[in-house]
Amino acid sequence: MGATIIDGKRIADAVRAELRPRIAGLRARGVTPGLAAVIVGDDPASVLYVKMKSQACEEMGLHSVTLRLPADAPEAGLLAEVRGLNADPGVHGILVQQPLPSQISTMRAVSSVSVDKDVDCFHPENVGLVLIGAPRFAPATPAGVIELLVRSGNDPGGKHVVILGRSNIVGRPLAALLMQKAAGANATVTVCHVKTRDLAQHTRRADILVAATGRPQLVTADMIKPGAVVVDVGVHRTDGGLVGDVAFDEVKEVAGMITPVPGGVGPMTTAMLLLNTVTAAEKLSEQR
Ligand code: NAP
């Protein structure tokens, strides 16, 4: 029997629906939540992601700003743009799209965003707050994975979650969130990476397996414990369409539940970004 598909689009729609009254409440007080994205260069995937985020803002009645800088823009130029957005009262969330070109330090770029507008949660202070269990914002993709699990009846509490990948965007913050002593967390977490020996030995012990390696279809059926929940964060454009880090057709025959690509984690990332922007707008408007 095949796995049950976890419908990320439907769950993301539910998260968005819960946001509508909060947005209406802000607008009634004269505040339109605003999200600004800064993109350097014209990497097609980055351009597409930023466009999707801006479309989502428009659908939800949020103000959206996209600043596009040329690929050879100096770091000082980017930092000046971010300073302008930090000071703009109509902007409550700021994201600097990664990857950045080599002349710009990713560390300095993410550190330049106001901690109160850092809806991607990449500022070192906000990363630290996540680690100690007092998040100002939960990073969008990891928070989306947890929301997807909880709302599909797979609370990670007490489960063994194996994460493939330790990037600052997905694997590392997801591990930090899942190990918290908190609702929707309390998991026992294993994090694997390129130096992990015998990857399958670890993945076969997972109650919940999260794949975030950036390697198309790395995870195969023989790596799955029968009945496990498989969450595929990966996105890869191929001639046959989008695929993830999981060989979906074979893994769904062994797993109990599985997220598709597209329609799994992707819509959740966008929904959580909107949630963080609304939360930022609520907090910032209370301070004024
Ligand atoms: P990344 O920065 O390239 O990191 C990949 C991680 O996977 C690294 O930690 C790497 O280990 C590990 N890894 C690579 N090959 C491996 C292997 N064979 N076995 C075990 N671990 C391996 O990528 P990322 O930013 O985390 O993104 C991962 C994937 O998620 C990409 O496909 C990306 O497009 C996708 N993504 C999707 C969303 C969404 O909203 N759906 C959001 C963000 C990212 P080392 O650290 O040892 O090199």
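This text gives an overview of the structure that appears in the document. (Residues numbered from 1 in each chain as written. Predicted model: local features only at pLDDT ≥ 70, side-chain atom pairs only at ≥ 80, totals over all residues. Heavy atoms only, no water.)

### Quick look at the sheet that holds strand 7 (residues 208–211)
Read from one edge to the other, the open sheet built from six strands follows the order 1-11-8-7-5-6, with strand pairing classed as parallel. Pairing within the sheet leaves two strands with one partner each, and these edge strands are strand 1 (4–5) and strand 6 (188–192). Note: strand 7 against strand 8 (residues 229–232), four bridges, orientation parallel. Residue valine 210 lies in a different strand from strand 8, and its bridge partner there is valine 231. Running over the sheet, helix 7 (residues 171–178) touches strand 5 (160–164), strand 6 and strand 7 and is turned about 165 degrees from strand 5. (Pairing = 2+ DSSP bridges. Helix = DSSP H or I, 4+ residues; strand = E, 2+ residues; numbered from the N terminus. Contact = heavy atoms within 4.5 Å. Axes fitted to C-alpha atoms, helices over the stretch in contact; angles between N-to-C directions.)

### Some remarks on the site of the ligand
Among the 20 residues in the neighbourhood of the ligand, the closest are listed as Arg166, Ser167, Val194, Val233 and Thr269. Valine 194 places a main-chain nitrogen or oxygen 3.1 Å from an oxygen atom of the ligand. Arginine 215 is positioned such that a nitrogen or oxygen atom in its side chain is 3.4 Å from a nitrogen atom of the ligand. Considered on its own, the ligand offers 930 Å² of accessible surface; in the complex 73% of this is hidden by protein. When atom positions are compared with the pocket grids, the ligand is found to occupy the largest pocket. (Near = heavy atom within 4 Å. Polar contact = N/O pair within 3.5 Å; in protein donor to acceptor, adjacent residues only side chain to side chain. Areas by Shrake-Rupley, 256 points an atom, 1.4 Å probe, with all protein chains shown as cover. 1 Å grid on protein atoms, 1.4 Å probe; cavity = no way out; pocket = protein on both sides within 12 Å on 5 of 7 lines; lining within 4 Å. Sits in = over half its atoms within 2 Å of the grid points.)

### Regarding the nonpolar core
Within the largest apolar cluster, 52 residues are counted, with the highest numbers of intra-cluster contacts made by Val145 and Val210. Taken domain by domain, the makeup of this core includes at least three residues from each of domain 1 (30–115) and domain 2 (140–265). Setting aside anything within four residues of it in sequence, one finds valine 145 in contact with Leu174, Val210, Val231, Val233 and Val265. Formed by 16 residues, the second largest nonpolar core is a distinct cluster that contains Val65, Leu69, Val96 and Ala109. (Core = buried A, V, L, I, M, F, W, Y, C linked by side-chain atoms within 4.5 Å. Buried < 20%, exposed > 50% of the residue type's maximum accessible area, 1.4 Å probe, protein only. Domains from an automatic or database assignment.)

### Re the environment of phenylalanine 137
With respect to the secondary-structure elements, phenylalanine 137 resides in the loop between helix 5 (124–131) and helix 6 (140–151). Assessed through its relative accessible area of 3%, phenylalanine 137 is described here as buried. Sequence-wise, phenylalanine 137 and valine 115 are 22 residues apart; in three dimensions their C-alpha atoms are separated by 9.3 Å. Those residues in contact with phenylalanine 137, other than ones at most four positions away along the chain, are Val115, Asp116, Lys117, Asp118, Val119, Cys121, Asn126, Val130, Asn276 and Ala280.

### Considerations on the pattern of salt bridges
All told, the structure shown has 10 salt bridges when counted by the stated rule. The salt bridge partner of glutamate 282 is arginine 22, with a shortest N-O separation of 2.8 Å. You can see glutamate 282 sitting in helix 10 (residues 265–287) and its partner arginine 22 sitting in helix 1 (residues 8–28), a full 260 residues away along the chain. Classification of glutamate 282 by relative accessible area gives buried; the value is 19%. Here glutamate 125 makes a salt bridge to arginine 136, at a shortest N to O gap of 3.1 Å. Of this pair, glutamate 125 sits in helix 5 while arginine 136 sits in the loop between helix 5 and helix 6, and the two are 11 residues apart along the sequence. Because the salt bridges share partners, they merge into one network encompassing Glu18, Glu147 and Arg151. (Salt bridge = Lys/Arg side-chain N within 4 Å of Asp/Glu carboxyl O.)

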